[in-house]
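Letter by letter, the chains look like this.
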Amino acid sequence: MEIIKKRFAIFGNVHQAKKSVSIQKLLACLQHYDAEIEMEESFYNFLTQGQKIDIKVNRTFNGNDFDADFAFSLGGDGTLLRVAEMVGANQTPIVGVNFGRLGFLADVSPAEIETVVDDLYAGKYAVEEHAVIKVNTPSPLSSPYALNDIAVLKRDTASMISIRCSIDGEYLMTYQADGLVISTPTGSTAYSLSNGGPIVVPTTNVLCLTPVAPHSLNTRPIVVNDTSVIELAIESRTHNYLVAIDGRSESLNDEVRLTIQKASHKAMIVKRHSRKYFNVLRDKMLWGHDQRS
């Protein structure tokens, strides 16, 4: 049977030098199938110049200047979030290989690289659509899209901030807290969870608002429809605050109001048929683990 030629864009974490053997294995697997390989230029330079590894690719690229059927994210969940931001509206399916610690999003282990490449060519995979959210400001931010979450946080002071929140034009409440996390279902197991937010199945069409260290015991996370438009007005004693978009932080003046809503595009994450969400939840997050046993 004739093998259809495929194109791959490879992104990586330049702080994980010890994983070079796995990267060489991936390239060998793709070359076995005569794949066309593009690699992020900074990662290519890190491997060839920094690690002195002799590798061959068809071309290098910067930013989102690539054309591929699949994007490989070589790192941890943080690397995959960065790749999702780079892929953006192109919606190239992303394969996450975990070289980090948790690997909740990037759930392919280095030992499974050969198997996952074979599965891609055999069609033994599914592509999950994950909601992306966007923050709008009067002056556009450089990277306004988030796969996990957008957080508004206090900056350089022990004093909390006030966050006046409206949903679809209707006033919800004013949070007195260290911050507020607006998370997608994908991001529900990240910063939101660490602040007491619920775990939300990725295919659920909702957003979650989770306060960070609220100054009131009756302030709890709330789940809204993902078609909602969330408007935030922030007051701070220092007259500035941080907005963190999947961990990428920018400082804003508290006169700047934020509008957060679902983006027009989605992130496409490749999942092997053997990977089930609740299995990953139990394995990675120890969900339901009973220490008594």
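None of the values given here were measured: they were computed from a predicted structure.

### Overview of the environment of Ile 53
Link 1 in the chain: Mapping Ile 53 onto the fold places it in the loop between helix H2 (41–50) and strand S3 (59–61).
Link 2 in the chain: Residue Ile 53 is classed as buried on the basis of its relative accessible area, which comes to 11%.
Link 3 in the chain: The spacing of Ile 53 and Val 21 is 32 residues in sequence and 9.6 Å in space, taken between C-alpha atoms.
Link 4 in the chain: In this structure Ile 53 touches Ser 20, Gln 24, Leu 47 and Thr 48, once residues within four positions along its chain are discounted.

### Considerations on the pattern of salt bridges
Link 1 in the chain: With the rule as written, the count across this model stands at 12 salt bridges.
Link 2 in the chain: Between Arg 82 and Glu 40 there is a salt bridge, and its shortest N-O distance comes to 2.8 Å. Pair noted here: Arg 82 is in helix H3 (residues 77–87) and Glu 40 is in strand S2 (residues 36–40), with a separation of 42 residues, a long-range link.
Link 3 in the chain: Owing to a relative accessible area of 31%, Arg 82 belongs among the partly exposed residues under this scheme.
Link 4 in the chain: Looking at Glu 40, the relative accessible area reads 7%, which means it is buried.
Link 5 in the chain: Lys 266 is the salt-bridge partner of Glu 129, the closest N and O atoms lying 3.4 Å from each other. A residue pair is termed long-range when its members are at least 10 positions apart, and Glu 129 in strand S6 (residues 125–136) and Lys 266 in strand S17 (residues 258–272) qualify at 137 residues.
Link 6 in the chain: Residue classification places Lys 266 among the partly exposed positions, given a relative accessible area of 31%.
Link 7 in the chain: A cluster of three or more residues bridged by salt bridges with shared partners is formed by Arg 7, Asp 67 and Asp 69.

### Remarks on the side chain of Asp 226
Link 1 in the chain: In this structure, Asp 226 sits in the loop between strand S13 (222–225) and strand S14 (230–235).
Link 2 in the chain: Residue class for Asp 226 comes out buried when judged on its relative accessible area of 4%.
Link 3 in the chain: Side-chain polar atoms of Asp 226 contact the side chain of Lys 262, separated by 3.4 Å.
Link 4 in the chain: Here Asp 226 is in contact with Asn 205, Val 206, Leu 207 and Lys 262, once residues within four sequence places are set aside.

Calculation criteria
- Residues numbered from 1 in each chain as written.
- Predicted model: local features only at pLDDT ≥ 70, side-chain atom pairs only at ≥ 80, totals over all residues.
- Heavy atoms only, no water.
- Helix = DSSP H or I, 4+ residues; strand = E, 2+ residues; numbered from the N terminus.
- Buried < 20%, exposed > 50% of the residue type's maximum accessible area, 1.4 Å probe, protein only.
- Contact = heavy atoms within 4.5 Å.
- Salt bridge = Lys/Arg side-chain N within 4 Å of Asp/Glu carboxyl O.
- Polar contact = N/O pair within 3.5 Å; in protein donor to acceptor, adjacent residues only side chain to side chain.

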